[in-house]
Amino acid sequence: MKRHILSILTLCAVLSGCAQSHNNATDSDSVSVAEQTPEPAGSGKATLLFVGDAMQHTAQLERAYELGGATGNYDYTGCFDLIAPTIREADYAVVNLEVPLGGGPRYSGYPCFSAPDSYAVALKDAGFDLFLTANNHCLDSGDRAAKRTVSALDSIGVDHTGTFRNRAERDSLVPLIKDINGIRFAFLNYTYGTNGIQPNEDTEVALIERERIADEIRRAREKGAEIVAVCIHWGVEYVLLENANQRDIADFLIDKGVDLIIGSHPHVIQPMKMARNDMDGKNVLVVYSLGNFISNMKTADTRGGALVKVDIERDENGVPRITNAAYDTFFAAKPEGNRNFRVYPSALADSIPQAQQHHWTIFNTSARKIFDTHNQNVPPITR
């Protein structure tokens, strides 16, 4: 959301008190390269899937509460059922959780977000394996909620990275190393800031600090990571093209040997490209923004988003390489009748409620024009 001015920061401080009253992936130990023997078993092929911002605005909260009925629970049934098969097809799926899990009893939308745990459970049930938590809204409901988010994600059994209870926890858990089909991946997550809200306790948020990022990339390689993915919250909101700062940071990450750079924050899509690291002789996927995954935003370019699927395979020398990257678009429909908010993949666009078809057409036409014009070697998914 738009960076808060002073009055909104004050409102956040007030609201924070209210907000507080499948796949084939397996964990791998964070040990040195020398200790990681024998080579992990697996196919040597892995498909990753990334989507953008999972928001939770007031209208979404109200609808989930209505559907929860007399139980008093927040019900997200139907939000992700149509796109879940696509998510579950991947070996490992990643989503940006752009809302703290505040624990209730009250929750809030913009400008200071807080959502119930059942929202995260619904995302997990849809097939997401990794939740990114370093974003500009991670401190919206204060330190307690930020720390509680970490505990809640632990309790439902999903991977997460980006925010931590304290510095020691970050040092012990970063980088997140995953063995996916016999390929060792590292996942790192950073944000440009937290809307000016500073932690009052020792809560740790991974910020875009180049020296620290370089150190954590180095540690990832030391711990046996063969593919390093950096998921990064950056850019300017509602702008369909990346800016010079994003390009500069991407070049820095490429120079540090990163393999995947996946961006979020603008709430609209931005281009993707297959860059080249000539020093290491490999391709590097750069995605500047995947836009919204689900939200109650209203402008045309915010009504949908993109997913990107990345295939990794060992080459003839046994080195994991990107063999393919492709995107698809989807649309977040608003409730009609007794339905919830619902994400429609492009293959099911004909099923979008008739009254919202023109919103889909405007969004998809704009997004495809950006991708057709500016993408470099990242085509649409073919069916």
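Keep in mind that what you see is a predicted model, and the values were worked out from it rather than measured.

1. Considerations on the overall build of the chain
- When helices and strands are tallied, the chain shows nine helices and 17 strands.
- Sorting the 383 residues of the chain into buried and exposed places 59% on the buried side.
- For the chain, the accessible surface area stands at approximately 15100 Å², while carbon and sulfur atoms represent 50% of it.

2. Focus on the pairing of strand S2 (residues 45–54)
- By the criterion of burial, S2 is predominantly enclosed, with nine of the 10 residues buried.
- Two elements, S2 and strand S15 (residues 304–314), share six bridges in a ladder whose sense is antiparallel. Bridged to lysine 45 within S15 is glutamate 313.
- Inspection of the sheet shows S2 paired to strand S3 (residues 92–97) by five bridges, in the parallel sense. Bridging across to S3, phenylalanine 50 finds its partner in valine 94.
- Judged from the two bridges that link them, S2 and strand S14 (residues 292–294) form a sheet pairing that is parallel. Residue pairing across strands places aspartate 53 opposite asparagine 292, the latter belonging to S14.

3. Here's the deal with the nonpolar core
- Judged by nonpolar contacts, the single largest core of 43 residues is most densely connected at Phe50, Phe187 and Leu285.
- Phenylalanine 187 has contacts with Leu48, Phe50, Tyr92, Val94, Leu130, Thr161, Leu176, Lys178, Ile180 and Ala229, leaving out every residue within four places of it along the chain.
- Formed by 39 residues, the second largest nonpolar core is a distinct cluster that contains Ala54, Ala64, Leu97 and Phe131.

4. Here we look at the packing of aromatic side chains
- One pass over the full model with this rule turns up 12 aromatic pairs.
- Ring centres 5.5 Å apart and planes at 80° place the aromatic pair phenylalanine 293 and phenylalanine 330 in the edge-to-face group. A residue pair is termed long-range when its members are at least 10 positions apart, and phenylalanine 293 in strand S14 and phenylalanine 330 in strand S16 (residues 320–333) qualify at 37 residues. An identical accessibility class is assigned to phenylalanine 293 and phenylalanine 330; each is buried.
- Put simply, the rings of Phe80, Phe128, Phe293 and Phe330 touch in pairs and so form one group of aromatic residues.

5. Considering unusual backbone geometry
- Residue proline 105 follows glycine 104 across a cis peptide bond; omega there is 5°.
- In this chain, valine 174 is followed by proline 175 through a cis amide linkage whose omega measures 5°.
- Among the structural elements, proline 175 can be located in the loop between helix H6 (167–173) and strand S7 (176–180).
- Even without being glycine, asparagine 195 reaches a positive phi, approximately 60°.
- Take asparagine 195: it is sitting in the loop between strand S8 (183–191) and strand S9 (204–205).
- One non-glycine residue, histidine 265, lies in the positive phi region at around 115°.
- Examined against the element boundaries, histidine 265 turns out to sit in the loop between strand S11 (260–264) and strand S12 (269–277).

6. Section: the pattern of salt bridges
- In this structure the tally under the stated criterion is 26 salt bridges.
- Among the salt bridges present, the one from lysine 147 reaches aspartate 202, with a minimum N-O distance of 2.7 Å. Of this pair, lysine 147 sits in helix H5 (residues 142–156) while aspartate 202 sits in the loop between S8 and S9; the two residues are 55 residues apart in sequence, bridging distant segments of the chain.
- You can call lysine 147 buried: its relative accessible area is 18%.

7. Considerations on the pairing of strand S17 (residues 342–345)
- Residues Arg342 and Tyr344 point to one face of S17 and Val343 and Pro345 to the other, with burial holding for every one of them.
- Two strands pair when backbone bridges link them, and S16 and S17 are joined in this way by four bridges, in the antiparallel orientation. Its bridge partner being in S17, phenylalanine 330 is matched across the sheet by proline 345.

8. Observations concerning the packing of helix H4 (residues 117–126) against H5
- Interhelical geometry of H4 versus H5 gives an angle of 45° and a closest axis separation of 10 Å. In terms of orientation, H4 and H5 fall into the oblique class. In terms of crossing hand, the pair formed by H4 and H5 is right-handed. Mapping the contact onto sequence places Asp117, Ala120, Val121 and Lys124 in H4 and Arg148, Ala152, Leu153 and Ile156 in H5.
- Among the residues forming the contact of H4 with H5, the class breakdown is five nonpolar, no polar and three charged.

9. Here's the deal with the confidence of the model for the chain
- Residues at a pLDDT of 70 or more form 89% of the chain, whose mean pLDDT is 91.
- Note that residues 13–38 has pLDDT below 50 and, in this model, 64 contacts with residues that lie over four places away or in other chains.

Parameters at a glance
- Residues numbered from 1 in each chain as written.
- Predicted model: local features only at pLDDT ≥ 70, side-chain atom pairs only at ≥ 80, totals over all residues.
- Heavy atoms only, no water.
- Helix = DSSP H or I, 4+ residues; strand = E, 2+ residues; numbered from the N terminus.
- Buried < 20%, exposed > 50% of the residue type's maximum accessible area, 1.4 Å probe, protein only.
- Areas by Shrake-Rupley, 256 points an atom, 1.4 Å probe, with all protein chains shown as cover.
- Pairing = 2+ DSSP bridges.
- Core = buried A, V, L, I, M, F, W, Y, C linked by side-chain atoms within 4.5 Å.
- Contact = heavy atoms within 4.5 Å.
- Phe/Tyr/Trp six-rings, centres within 6.5 Å; stacked < 30°, edge-to-face > 60°.
- Salt bridge = Lys/Arg side-chain N within 4 Å of Asp/Glu carboxyl O.
- Axes fitted to C-alpha atoms, helices over the stretch in contact; angles between N-to-C directions.
- Parallel < 35°, antiparallel > 145°, perpendicular 65-115°, else oblique.
- Left-handed = near helix turned anticlockwise from the far one by under 90°.
- Nonpolar A, V, L, I, M, F, W, Y, C, P; charged D, E, K, R; others polar.
- pLDDT = per-residue confidence, 0-100.

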